[in-house]
Amino acid sequence: MRTRRFGRTGWQVSEIGYGMWGMGGWTGSDDDESLASLHRAIELGCTFFDTAWVYGQGRSEKLLGRTLRSHPDAQLIVATKIPPKNMRWPALADYRVEDTYPPGHIREYTEKSLENLGVDSIDLQQFHVWSDAWADDDGWKRAIDDLRTAGLVRSVGISINRREATNVVRALETGLIDSVQVVYNIFDQAPEDELFPYCRAHDIAVIARVPFDEGSLTGTLTPGSRWPEGDYRNLYFTPDNLKQTLPRVERLEPLVPEGMDLPELALRFILEHPAVSTVIPGMRRTRNVERNLAVSDGEPLSPRLRDALRQHRWDRPASLSP
């Protein structure tokens, strides 16, 4: 497993991390299978694990906590997220900061996550939603300063609304934010325009999330794809979205080199960008852990293939989903 520097923190983290939403908030999750997958990831050199309180209301955090206790000597980086007080995703500019991230709420959910994880300090505590309309508020700034001073968190990040890559720059300008988590994949390339250059110039770490576009870039979806009631993918892949997405995936398939599949190509595309500190595919099964982590071999894409993939950029409007 190759590592990359995580911005100004100076940490060396695995360039392929572990996204834990699926094992806490998607249907079909099995805790024993999830734990086996987490253990296997550590065996293969994964050191960055991203969870959130809202992933099963602490379920995902508790699974990670059990894993940490099974590997006391492993040098792992734990990232989690504070849900907005109004529990609404994504953040809209007209939401008041008092209704999303008042200081007491930031402290309360950090303490909940500490208990779920079974740790004394969270390596990376993140705001799970964000609007730069809140950037000038002193309340959240004091709250994270207090958390740092108390040693409850080591660094602070922001998870950016889907397809709103610049709706964080004012917060970054405060100098209080160490990392950003942003949707970045073959289709969603907009972060390259402004966000990535800003992060590189200011030594801010970048966590690339949703590398497979919620599953379309695995090449497994069909016009009849449906999920159980309550599964997030039903909200994302509406009939209209699915209808628009599948032809774009089909146009990508001829570009997949021999001996490679589409998910591997999707991960390799992301790792090509030097601004990316780590990418966090969601994984619930050991076979997916082994396949995804194997991509960290340092083999670059050919310039011709990389340029061809850039032609598949798809600038969609900001989504009403998280």
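This text gives an overview of the structure that appears in the document.

**Side note on helix 8 (residues 195–202)**
Here is step 1 of the chain: Buried within helix 8 are the following residues: Leu195, Phe196, Tyr198 and Cys199. The arc that holds the buried residues of helix 8, viewed along the axis, is 160°, so those residues lie on one side. Projecting away from the buried face of helix 8 at angles above 90 degrees are the exposed residues Arg200 and Ala201.
Here is step 2 of the chain: Each element contacted by the buried residues of helix 8 is listed here: helix 7 (169–172), strand 8 (179–183) and strand 9 (205–209).
Here is step 3 of the chain: Asp203 sits one or two positions beyond helix 8 and adopts a positive phi of about 60°.

**Description of the nonpolar core**
Here is step 1 of the chain: Ranked by size, the top nonpolar core spans 80 residues in total, and within it Tyr18, Phe49, Phe127, Val180 and Leu195 carry the most contacts.
Here is step 2 of the chain: At seven residues, the largest contribution of residues to this core is made by helix 11 (residues 262–271).
Here is step 3 of the chain: Dropping the residues within four chain positions of it, Phe49 is found in contact with Tyr18, Met20, Leu38, Ala41, Ile42, Leu64, Leu76, Ile77, Val78 and Ala79.
Here is step 4 of the chain: Core analysis: the next-biggest nonpolar cluster, separate from the first, contains ten residues, Phe6, Trp11, Val13 and Ile280 among them.

**Examining the packing of helix 5 (residues 103–117) against helix 6 (residues 138–149)**
Here is step 1 of the chain: Relative orientation of the contacting elements helix 5 and helix 6 amounts to 35°, with a least axis distance of 8 Å. Regarding helix 5 and helix 6, the two cross each other, and that crossing is right-handed. For the pair helix 5 and helix 6, contact is made by Pro103, Ile106, Arg107 and Thr110 and by Gly139, Trp140, Ala143 and Leu147, respectively.
Here is step 2 of the chain: Considered class by class, the residues forming the contact of helix 5 with helix 6 number five nonpolar, two polar and one charged.

Basis of the calculations
Residues numbered from 1 in each chain as written. Predicted model: local features only at pLDDT ≥ 70, side-chain atom pairs only at ≥ 80, totals over all residues. Heavy atoms only, no water. Buried < 20%, exposed > 50% of the residue type's maximum accessible area, 1.4 Å probe, protein only. Helix = DSSP H or I, 4+ residues; strand = E, 2+ residues; numbered from the N terminus. Arc of directions from axis to C-beta. Contact = heavy atoms within 4.5 Å. Core = buried A, V, L, I, M, F, W, Y, C linked by side-chain atoms within 4.5 Å. Axes fitted to C-alpha atoms, helices over the stretch in contact; angles between N-to-C directions. Left-handed = near helix turned anticlockwise from the far one by under 90°. Nonpolar A, V, L, I, M, F, W, Y, C, P; charged D, E, K, R; others polar.

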